[in-house]
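# Structural overview for review
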Amino acid sequence: MYKRQLGDNVEIYYSTNSCCYTCITNKNDLKHIEIVQQKAIDKGEENCAGCDVLSAFVFKATKIGIDTILMCTRIASQDCLDTSQFISEQKYIIEVK
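About the cut-offs
- Residues numbered from 1 in each chain as written.
- Predicted model: local features only at pLDDT ≥ 70, side-chain atom pairs only at ≥ 80, totals over all residues.
- Heavy atoms only, no water.
- pLDDT = per-residue confidence, 0-100.
- Helix = DSSP H or I, 4+ residues; strand = E, 2+ residues; numbered from the N terminus.
- Contact = heavy atoms within 4.5 Å.
- Disulfide = S-S within 2.5 Å.
- Buried < 20%, exposed > 50% of the residue type's maximum accessible area, 1.4 Å probe, protein only.
- Phe/Tyr/Trp six-rings, centres within 6.5 Å; stacked < 30°, edge-to-face > 60°.
- Pairing = 2+ DSSP bridges.
- Axes fitted to C-alpha atoms, helices over the stretch in contact; angles between N-to-C directions.

### Focus: the confidence of the model for the protein
- This prediction gives the protein a mean pLDDT of 90; 98% of its residues lie at or above 70.
- Taken element by element, the protein is modelled with least confidence in strand E3 (residues 20–24), mean pLDDT 89, and with most confidence in strand E5 (residues 53–61), mean pLDDT 96.

### Quick look at the environment of Ser88
- Within the element layout of this structure, Ser88 appears in strand E7 (residues 88–96).
- Setting aside residues no more than four positions away along its own chain, Ser88 makes contact with Met71, Cys72 and Thr73.

### Examining the state of the cysteines
- By the definition in use, this model includes one disulfide.
- The disulfide partner of Cys23 is Cys80, and the S-S distance across this bridge is 2.1 Å. Around the S-S axis, the bridge from Cys23 to Cys80 shows a dihedral of about 110° and counts as right-handed. You can see Cys23 sitting in strand E3 and its partner Cys80 sitting in the loop between strand E6 (65–75) and E7, a full 57 residues away along the chain.
- Looking at Cys23, the relative accessible area reads 7%, which means it is buried.

### Observations regarding the packing of aromatic side chains
- Under the defined criterion, the tally for this structure stands at three aromatic pairs.
- A centroid spacing of 6.3 Å and a plane angle of 45° characterise the contact between Tyr2 and Tyr92, whose relative ring orientation is tilted. Within this pair, whereas Tyr2 is found in strand E1 (residues 2–4), its partner Tyr92 is found in strand E7, the two being separated by 90 residues in sequence.
- According to the relative accessible area criterion, Tyr92 is buried, its value standing at 18%.
- Considering the side-chain rings of Phe57 and Phe59, the 6.3 Å spacing of their centres and the 40° angle between planes classify their relative orientation as tilted. Phe59 shares its class with Phe57; the two are buried.
- An aromatic cluster is defined as three or more aromatic residues linked by ring pairs; in this entry it consists of Tyr14, Phe57 and Phe59.

### Here we look at the sheet that holds strand E4 (residues 33–42)
- The three strands lie next to each other as E2-E5-E4, forming an open sheet whose pairing is antiparallel. Edge strands, defined here as strands with exactly one partner in the open sheet, are strand E2 (9–16) and E4. Going from strand to strand, the sheet's axes swing by 20° on average, the running direction of each strand aside.
- The pairing of E4 with E5 spans eight bridges and is classified as antiparallel. Across the sheet, residue Ile35 finds its bridge partner in E5, namely Phe59.

Here you go:
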């Protein structure tokens, strides 16, 4: 569980390669935090198909309460909201005080 004060940011880092992408499947359900940025931290080697890329979602604490972020890694051709199959799923609980 991440604990943050109102107005603070939370950065959640993830790694994928060119076959896949990571998305927030419940972003419309988040009531106490909001996504303010998705950024690349390390883009990997230039002209390297299949190399890993390190990225981060940045959230801002906007209201007091608790939210759970659901992040899924999907294959490139799959819609973010398609719940039929995914490569991995992570849950992050954010408490805003």
